[in-house]
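If you want the building blocks of each chain, they are given just below.
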Amino acid sequence: MEQQERTFRIGPIRPPSEANSLLLQVTNGCTWNKCKFCQLYRHTKFKAYSADSIKADIDNIAYQADIIRRYQTPLGAWDIDGLNQELGQIPSEEERQCFYMVANWLVGGGENVFLQDGNTTALSSGRLSDVLIYLKQAFPGIKRITSYGRAENLSRVSAEEYAELKEAGLDRIHSGFETGSDAVLQKINKGVTQQQEITAGKNIKAGGIELSVYFMPGVGGKELTKENAEGTSHVINEIGPDFLRIRTAAVKPGTGLYEDYQNGQLTLCSDEEKLLEIRTVIERAPEIDTRVVSDHIINLLQGVEGHIVLDRQKMLDMIDGYLNKPEYEKRLYQAARRMALVNGPGDMKYLDQSRVDQIESLIRAIPDPYEWEEKMNALIGRYI
Ligand code: SF4
């Protein structure tokens, strides 16, 4: 192996659906950094990298890929032991980490790339296109390039510019809408309006790029649970995003939302109220090509997933099935799920009796319904 150190930047966050993607950092941090529930980039000053600097990273990834591909046979198989042996000898920890990311990506097919960090579309669309074209020239086998974008920035990009970005290689934008309600958007200090979300969503779709939006049931608290459901439903119906990803709200110490909760300005939603919000959005979604995705342990019923057109009733039945259970059973499941002991209600029958005993004593110790929800909120806070 040559001695010159060849590294590239790797940011901290990516959507779960991009777990096997190559991560390419084109910006650092978030342009807004003020959402009341979010701590992701609190200590990071936003920076958009120059096209030259990003291309230098792509060059280093390509350099590493050439070395890694020496361990692939002409028929496509990998000599994993040989590869591990070579990578294990790299003295620099940082460089070794970069090599392993490229190796995992290539061994997994080398198809998808995720552009980091929190708001890639803060880059001008010209600069982003330049980088995308360069990336696809370096790796012609790439099948999908995705990125995060903030609705406020996204709304300032025209459908024509999105079409150019699509042409350059951008396939999907993930955006944390969290809610479609103006009242809730204000309450969580999202710095975005319902109209900006709709404009952003329509332009992205018109430009031919896939849109994946995130919805946070419960984030408006009991005070705004109706608004959260109805506002989000309105935005979804206006846009028809390709993916609607559920991220149940957790009110976590250290956030502005937690301060609001402590000051009495936000009352925690119960898990039932959060499910009813999801139910409203699914029930009212039009016959569009939207897929509901629940790819996070923070969701109570992770099985509520599917295509709106094909699976709407199945998803509603799943929610109703839980809501109609006796109160005690609901609590048993809530706690088991929040302790990560089960994936869905169907797993409860496999729960060890000692675990059931443990949960039952917890239920006895917290008879007050609101204190119970506070406990559940504390448990899910560990997952983010
Ligand atoms: S826009 Fe996203 S990354 Fe930035 S503060 Fe809000 S939630 Fe966090």
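Residues numbered from 1 in each chain as written. Predicted model: local features only at pLDDT ≥ 70, side-chain atom pairs only at ≥ 80, totals over all residues. Heavy atoms only, no water.

Some points on empty space enclosed by the protein
Point 1. In total, this model carries three cavities of 30 Å³ or more according to the counting rule given.
Point 2. Of the volumes computed, that of the largest cavity is approximately 70 Å³.
Point 3. Forming the walls of the largest cavity are Gly 218, Ala 249, Val 251, Leu 268, Cys 269, Asp 271, Lys 274, Glu 373, Met 376, Asn 377 and Ile 380.
Point 4. Breaking the lining of the largest cavity down by element, the ones donating at least two residues are helix H11 (271-284) and helix H15 (369-380).
Point 5. Considering every element that reaches the lining of the largest cavity, the biggest residue donor is H15, with four residues. (1 Å grid on protein atoms, 1.4 Å probe; cavity = no way out; pocket = protein on both sides within 12 Å on 5 of 7 lines; lining within 4 Å. Points joined across faces, edges and corners; volume = space filled by probe spheres on them. Helix = DSSP H or I, 4+ residues; strand = E, 2+ residues; numbered from the N terminus.)

Focus: the UniProt feature "domain: Radical SAM core" (unreviewed entry) in the protein chain
Point 1. Feature annotation in UniProt assigns "domain: Radical SAM core" (unreviewed entry) to the following positions: residues 14-289.
Point 2. Taken as a whole, residues 14-289 contains 46% helix and 13% strand, while its terminal C-alpha atoms sit 24 Å from one another. (UniProt positions renumbered as here; feature names shortened; annotations may be inferred.)

Describing the packing of helix H1 (residues 51-69) against helix H4 (residues 125-138)
Point 1. The contact between H1 and H4 brings their axes to 10 Å, and the two run at 15°. The angle between the axes of H1 and H4 places the two elements in the roughly parallel class. In the crossing of H1 with H4, the sense of the turn from one axis to the other is right-handed. From H1, Ala 51, Ile 54, Lys 55, Ile 58 and Asp 59 reach across to H4, where they touch Arg 127, Asp 130, Val 131, Tyr 134, Leu 135 and Ala 138.
Point 2. In terms of residue class, the contact of H1 with H4 is built from seven nonpolar, no polar and four charged. (Axes fitted to C-alpha atoms, helices over the stretch in contact; angles between N-to-C directions. Parallel < 35°, antiparallel > 145°, perpendicular 65-115°, else oblique. Left-handed = near helix turned anticlockwise from the far one by under 90°. Contact = heavy atoms within 4.5 Å. Nonpolar A, V, L, I, M, F, W, Y, C, P; charged D, E, K, R; others polar.)

Observations regarding the site of the ligand
Point 1. Neighbouring the ligand are Cys 30, Asn 33, Lys 34, Cys 35, Phe 37, Cys 38, Tyr 41, Arg 150 and Lys 190.
Point 2. Taken atom by atom, the bulk of the ligand overlaps the largest pocket.
Point 3. Tallied by class, the residues present in the shell around the ligand amount to five nonpolar, one polar and three charged. (Near = heavy atom within 4 Å. Sits in = over half its atoms within 2 Å of the grid points.)

Overview of the pattern of salt bridges
Point 1. A full pass over the atoms with the stated rule returns 27 salt bridges.
Point 2. A salt bridge links Lys 143 to Glu 111, with the nearest nitrogen and oxygen atoms 3.0 Å apart. Residue Lys 143 is found in the loop between H4 and strand E5 (144-148), and its partner Glu 111 is found in the loop between helix H3 (93-107) and strand E4 (112-116); the two are separated by 32 residues along the sequence.
Point 3. Among the residues examined, Lys 143 registers a relative accessible area of 57% and is labelled exposed.
Point 4. The salt bridge involving Arg 150 is made with Glu 152; its shortest N-O contact spans 3.4 Å.
Point 5. You can call Arg 150 buried: its relative accessible area is 8%.
Point 6. Through salt bridges with shared partners, a single ionic network connects Arg 150, Glu 152 and Arg 156. (Salt bridge = Lys/Arg side-chain N within 4 Å of Asp/Glu carboxyl O. Buried < 20%, exposed > 50% of the residue type's maximum accessible area, 1.4 Å probe, protein only.)

Points about the domain arrangement of the protein chain
Point 1. Taken domain by domain, the protein chain consists of domain 1 (16-325) and domain 2 (326-384).
Point 2. A separation of 29 Å is found between the C-alpha centroids of domain 1 and domain 2.
Point 3. For the pair domain 1 and domain 2, the summed buried surface comes to about 2,000 Å²; carbon and sulfur atoms form 55% of the total.
Point 4. When the buried area of domain 1 at its contact with domain 2 is split by residue, Ile 297, Tyr 322 and Lys 325 rank highest and sum to 30% of it. (Domains from an automatic or database assignment. Buried area = accessible area lost by both parts, 1.4 Å probe.)

Section: helix H8 (residues 194-206)
Point 1. Look at H8: 18 Å from first C-alpha to last across 13 residues, which is about the 18 Å you get at 1.5 Å a residue.
Point 2. Two residues or fewer past H8, Gly 208 is found with a positive phi of approximately 90°. (Expected span 1.5 Å × (residues − 1).)

A closer look at the environment of Tyr 41
Point 1. Along the chain, Tyr 41 turns up in the loop between strand E2 (27-28) and strand E3 (47-48).
Point 2. Tyr 41 gets classed as buried once you look at its relative accessible area, which sits at 5%.
Point 3. Separated by 234 residues in the primary sequence, Tyr 41 and Leu 275 place their C-alpha atoms 29 Å from one another.
Point 4. The residues contacting Tyr 41, other than those within four sequence positions of it, are Pro 12, Ile 13, Gly 29, Cys 30, Asn 33, Asp 117 and Gly 118.

So, the side chain of Glu 373
Point 1. Within the element layout of this structure, Glu 373 appears in helix H15.
Point 2. Glu 373 has contacts with Leu 268, Cys 269, Ser 270, Asp 271 and Gln 334, leaving out every residue within four places of it along the chain.

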